[in-house]
Amino acid sequence: MTSATGIYLDGAWHDVAEHRENINPSDHRDVIGLFGRAERSAVDDAVDAASGAFGPWSRTSPQRRADLLEAVAAGITAQADDLARLLAREEGKTLPEAKGEVMRAAHIFRFFSGEALRVVGERQASTREGVTVNLAREPLGVVGIIAPWNFPIAIPAWKAAPALAYGNTVVLKPAELVPASAVALTRIIHEAGFPPGVFNLVTGSGAVIGDAIAAHPGIAAVTFTGSEPVGRRVAQTAVARLAEVQLEMGGKNPLIVLADAELDIAVECAINGAFFSTGQRCTASSRLIVEDAIHDRFVERMLARMSELRVGHALDDATDIGPVVDERQLETDLRYLGIAREATHSEVHGGEVVERTTPGNFLTPALITGARNDDQVSREEVFGPVASVIRVGDYDEAVTVAGDTEFGLVAGICTTSLRASEDFQSRSDTGMVMVNLPTAGVDPHVAFGGRKGSSFGPREQGTHARDFFTQTKTAYVRP
Ligand code: UN1
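Rules of the game
- Residues numbered from 1 in each chain as written.
- Predicted model: local features only at pLDDT ≥ 70, side-chain atom pairs only at ≥ 80, totals over all residues.
- Heavy atoms only, no water.
- Buried < 20%, exposed > 50% of the residue type's maximum accessible area, 1.4 Å probe, protein only.
- Helix = DSSP H or I, 4+ residues; strand = E, 2+ residues; numbered from the N terminus.
- Arc of directions from axis to C-beta.
- Contact = heavy atoms within 4.5 Å.
- Polar contact = N/O pair within 3.5 Å; in protein donor to acceptor, adjacent residues only side chain to side chain.
- Domains from an automatic or database assignment.
- Buried area = accessible area lost by both parts, 1.4 Å probe.
- 1 Å grid on protein atoms, 1.4 Å probe; cavity = no way out; pocket = protein on both sides within 12 Å on 5 of 7 lines; lining within 4 Å.
- Points joined across faces, edges and corners; volume = space filled by probe spheres on them.
- Nonpolar A, V, L, I, M, F, W, Y, C, P; charged D, E, K, R; others polar.

A. Inspection of helix 14 (residues 418-427) at higher detail. What helix 14 keeps buried is the set A420, S421 and F424. All buried residues of helix 14 project into a common sector of 100 degrees when viewed along the axis, lining one side. The exposed residues of helix 14 that point more than 90 degrees off its buried face are L418, R419 and S426. Of the surrounding elements, those touching the buried residues of helix 14 are strand 13 (253-257), helix 13 (395-403), strand 19 (410-414) and strand 20 (432-435). The backbone nitrogen of R419 lies 3.3 Å from a side-chain oxygen of the residue at the head of helix 14, namely S417.

Written as structure tokens, this is what we have:
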């Protein structure tokens, strides 16, 4: 029997008329549940609840907010194994990856529990005699969160935790493919004892609920993670009514492998960055830019390592790479692979649809050798286990190719040269740089975000999240 889940408004669950099946991408016969497809008017109700709760919540003592966020962190930790299974079932990342993500969500809530108590302000002398200036940080009001499917619990957490810590109220719309983890998080938030209306969950389609959040005049700020075209639409709608907007979008992240790199480290970084989490990360290493002198050895080792990786059911212990999230994404991955196969200059290794004992979307990791930086697959984000190898003559050419992209989220370099490492950190036109590390996999306590087409607005995570989730007020006082 499949139970139907509604939406969470003003501290209580409400039924909705329409539902959608949440299907396990590792086994299409496994229906995780029926989840509400709310109507646009549900966003009005959620905003009413969140607006009503905002005044008292914004005045709640920092200690109380800290305690509530800490209770969420503890609740996530206590249920971590169950949450990880649920997440792996609905999204398809492997159980260890899912467990890592769940613990990341707990760490984020714990970090922002501390942030709630680190209330900062500035007091300084005015340029005028006898006057002082007090700068305070205040919450914005109702924050709308539009979250993607690839991190079903960590991204809602890393947007909701700072929003709540700094005194805002929340309307969360999770991606339609992964409502179960967001519902589980909502239950933990409910049990922690937040006042009704402080946190609200509306599930449904992006075109309806996402658009309603972007457009709603009662939502002071919208934070979005997802694809670039959708991000642009959200921004256009929200900025038109002068709401604050924070966008985290795509990447076409380069990983440079210099001739002096330690080959083991370079291969490990590339395998992890390109293929783990099925390549479905905006931080994935999708362009491997390899210096000529190490190119052939690198490719040989990559192919050997790829042949050992087992693609399969996310809950199977033997699985290294879980399924592609759904059939639509699988079609996208195969379309790009088809284009790369047709090009005479490039060769595709792997990238085969394979069958397992359960019906799922299983695709082996794909390495495109002989790729060029102006190939379509090198320019556009695929969001699958697909990486191109682009051969370059030297370090300078590598840096030029790395920067020749519309995106600017993260760039990596594998090298033993201190000089190259230092130089690349300053020359990379990206929000994040990784040295001898995969481009994906970030810490929760430091700024996250990119440049160019990857991001818009203030950074997420760490203390920097304050810049988005609060607004300053400058008071001049003559006592
Ligand atoms: C990570 O690489 O650890 O949607 C996080 C995404 C990013 C998060 C990546 N916003 O893939």
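B. Focus on the domain arrangement of the protein chain. Domain boundaries assigned for the protein chain yield domain 1 (4-249 + 454-477) and domain 2 (253-435). Distance from the C-alpha centre of domain 1 to the C-alpha centre of domain 2: 31 Å. Here domain 1 and domain 2 share an interface that buries about 2100 Å² over both sides, 58% of which is from carbon and sulfur atoms. Counting the surface domain 1 buries against domain 2, the share from its top three residues, S26, W149 and S454, is 24%.

C. Quick peek at the layout of surface pockets. By volume, the largest pocket is sized at about 1400 Å³. Lining the largest pocket are 44 residues, and of these W149, G226, S227, V230 and R328 sit closest to its centre. Breaking the lining of the largest pocket down by element, the ones donating at least two residues are helix 7 (206-215), strand 11 (221-225), helix 8 (228-240) and helix 11 (327-342). Looking at which element gives the most residues to the lining of the largest pocket, the answer is helix 8, with 6 residues. Taken together, the residues that form the lining of the largest pocket break down as 19 nonpolar, 11 polar and 14 charged. Both domain 1 (4-249 + 454-477) and domain 2 (253-435) contribute no fewer than three residues apiece to the lining of the largest pocket.

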